[in-house]
Amino acid sequence: MVTISQPSTNEKSYSQEDWKRGYESQKGEYSYWIEKIEGHIPLDLEGTLFRNGPGALDVHGTPVRHPFDGDGMITAIAFRGGKAYFQNSFVKTKEFMEEQKAGKMLYRGVFGSQKPGGLFKNIFDLRLKNIANTNVIYWGNKLLALWEAAEPYRLDPYTLETLGIDYLDDTLKPGESFSAHPWIDPHCKMDNNEPCLVNFAIQPGPKTKINIFEMSPSGKLLRRHSHDVKGFAFIHDFAITPNYCIFFQNPVTYNPFPFLFGLKGAGECMSFEKDQPTSIIIIPRKAPYQNVKVFQAKAGFIFHHANAFEKDDQTLCIDSVCYGELSQLNNEGSFKDVDFSSISPGQLWRFTVDLKEENVEKEMLDPWVVEFPVIHPQKVGRDYRYVYLGATHNPEINAPLQGLLKLDLQTKERQFYSFAPRGFAGEPIFVPKPNAQKEDEGYVLVLTYNSASHTSELVIFDAQNIPQGAIATLKLNHHIPYGLHGSWADQIFIPES
Ligand code: CO
């Protein structure tokens, strides 16, 4: 199989001005058949791609301080018979609608967006806005926009109309959160090998409560349990295996005073303690949910895990994108002026935990600078071979994501495709072909931003041959700001006109 030669130059692969434009707000909401298509959409690619991310990077002209504070906007591309239907819509949360009506920013953002008016407008204002901008899943016959600090919002999957907060059939109590990183166990042995959704929520404080939820395909709560862990925890993602939920408690401390006094966003009050270890918390998925184990390892800062699996009865492997430190914005300036070369890059590591010897080993799986790892959905929690990632153009230079990288963890072979210099990439989504035999028999879908045309393009790859480039490029009529996470649903959701 072809492996593309690595780019040999260390020159900057992009211009900051091009990259910045991908963060212009998209306030339009559209619904149309995509007509500009290069190549052919495979006929066996049928279903709907949903993505979420900040659609607006300002509120009535007041810029957000951090893209994580931007209002959530859902993008849907439904595939049927070689054609594709596009829709996008903001999640009309209560706070979003209030700000629309008021014509100004009313809420502070978790990541530091401050209302105009300075200290006196922000002091002791602890209200947070549910921005519903991090992920979107179709589960239990519901389309749900997820944001880790609040309840999910439900939308109509055909029209993307916002239906309101959803408590998941009373799984959640009002005010309880539901993280943006659920996993679907493809064959849960507690449920006769049926799939189940596993998710968590954290209630941070001087000690932190972790709630774990497992839900059936019809959206019913199967199992729920809670655990206290020591200290403040910032946990964005977790990992599962058939027997365990695994959490990496990043080494951060929290000082709420700048938030209380209106000087910073709640998310900005964390400080990374680089000499402190990460706690790896391993919680059984089976009742009575006891015998929780906690191990320490030097692991840097982690947002996302690629996968985890049980190598044998006593050995767990967890593959994660790790940063040397948590990079924070300084007080001045915009996130758009960030100097990528000065911030710590993320790389894929494997942590091997020996449950009996109580020992953790780590190794770097590949030094390429990456984010947003995804795998075959049937391999969640199982030993696996392939991982797909958003990657930088030059393997070891921190920069915006401009490429798609496939790693073969068995042979260490890399396959790569770059959209540089003017294209920018995000999270890939792997969609298996119907009746596929091999783990990489499928398609990889990447929503890219093309700064040359200031439009976005959905690029479809044959997962077995990434370097050959697109088998189809679907050109949207406008851009979609850089997004966060998304998912694939086998159902085809097209609004009937
Ligand atoms: Co995430």
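Residues numbered from 1 in each chain as written. Predicted model: local features only at pLDDT ≥ 70, side-chain atom pairs only at ≥ 80, totals over all residues. Heavy atoms only, no water.

## Considerations on unusual backbone geometry
With omega at 5 degrees, the peptide bond leading from A287 into P288 counts as cis. Following the sequence through the fold, P288 ends up in the loop between β20 (278–284) and β21 (293–297). Note the cis peptide between A420 and P421, where omega equals 5 degrees. Along the chain, P421 falls in the loop between β29 (414–418) and β30 (423–424). One non-glycine residue, A132, adopts positive backbone phi at about 45 degrees. In this fold, A132 is placed in the loop between α3 (119–122) and β8 (135–139). (Helix = DSSP H or I, 4+ residues; strand = E, 2+ residues; numbered from the N terminus.)

## Section: the sheet that holds strand β35 (residues 486–489)
Read across the open sheet, the five strands follow the order β1-β7-β6-β3-β35; overall the sheet is antiparallel. Two strands lie at the open edges of the sheet, namely β1 (31–33) and β35, each paired on one side alone. Between one strand axis and the next, the sheet turns by 15 degrees as a mean value, whatever way the strands run. (Pairing = 2+ DSSP bridges. Axes fitted to C-alpha atoms, helices over the stretch in contact; angles between N-to-C directions.)

## A look at empty space enclosed by the protein
In the structure shown here, the tally under the stated rule is three cavities of 30 Å³ or more. When its volume is computed, the largest cavity comes out at roughly 100 Å³. Taken together, 14 residues line the largest cavity, and the ones lying closest to its centre are G426, L447, P481, Y482 and G483. Residue composition of the lining of the largest cavity, by class: eight nonpolar, four polar and two charged. As a volume, the second largest cavity reaches approximately 90 Å³. If you go around the second largest cavity, you meet 14 residues; those closest to its centre are D69, R108, G109, K129 and I131. Taken together, the residues of the lining of the second largest cavity sort by class into eight nonpolar, two polar and four charged. (1 Å grid on protein atoms, 1.4 Å probe; cavity = no way out; pocket = protein on both sides within 12 Å on 5 of 7 lines; lining within 4 Å. Points joined across faces, edges and corners; volume = space filled by probe spheres on them. Nonpolar A, V, L, I, M, F, W, Y, C, P; charged D, E, K, R; others polar.)

## Describing the side chain of K129
You can see K129 is positioned in the loop between α3 and β8. Owing to a relative accessible area of 8%, K129 belongs among the buried residues under this scheme. Side chain to side chain, K129 and D71 meet in a polar contact 2.7 Å long. Sequence-distant contacts of K129, defined by excluding residues within four places in its chain, comprise V59, D71, E95, F96, E99, Y107, R108 and W147. (Buried < 20%, exposed > 50% of the residue type's maximum accessible area, 1.4 Å probe, protein only. Polar contact = N/O pair within 3.5 Å; in protein donor to acceptor, adjacent residues only side chain to side chain. Contact = heavy atoms within 4.5 Å.)

## Considerations on the coordination of the cobalt ion
The coordination sphere of the cobalt ion contains the protein donors H181 (NE2), H236 (NE2), H304 (NE2) and H485 (NE2), at a distance range of 2.0 to 2.1 Å. Note that the cobalt ion binds four donor atoms; their angles at the metal cover 92 to 160 degrees, and the shape is irregular. Sequence spacing among the residues donating to the cobalt ion works out to H-x54-H-x67-H-x180-H. Remark: H485 occurs in the loop between β34 (472–475) and β35 and H181 occurs in the loop between β11 (162–165) and β12 (183–188); sequence separation between them is 304 residues. No difference in accessibility class separates H181 from H485, as the two residues are buried. (Donors = N, O, S within 2.8 Å, 3.2 Å for Na, K, Ca; no water. Tetrahedral: all angles 85-135°; square planar, octahedral: opposite > 155°, others 65-115°.)

## Overview of the sheet that holds β12
Strand order in this open sheet of four strands is β12-β13-β14-β15, and the pairing throughout is antiparallel. The open sheet terminates on both sides in strands that have one partner only, identified here as β12 and β15 (221–230). Sheet twist, expressed as the average angle between the axes of neighbouring strands with direction ignored, equals 25 degrees. When β12 meets strand β13 (residues 194–203), the two strands line up antiparallel, connected through four bridges. Bridging from a neighbouring strand, I184 pairs with L197 of β13.

## Considering the pairing of β29
With respect to burial, β29 is a largely interior element, four of its five residues being buried. The pairing of strand β28 (residues 403–408) with β29 spans five bridges and is classified as antiparallel. Its bridge partner lying in β29, L407 is registered against R414. As consecutive antiparallel partners, β28 and β29 are separated by five residues, and within that stretch K412 has a phi angle of approximately 70 degrees, a positive value.

Keep in mind these numbers describe shape, not what the thing actually does.
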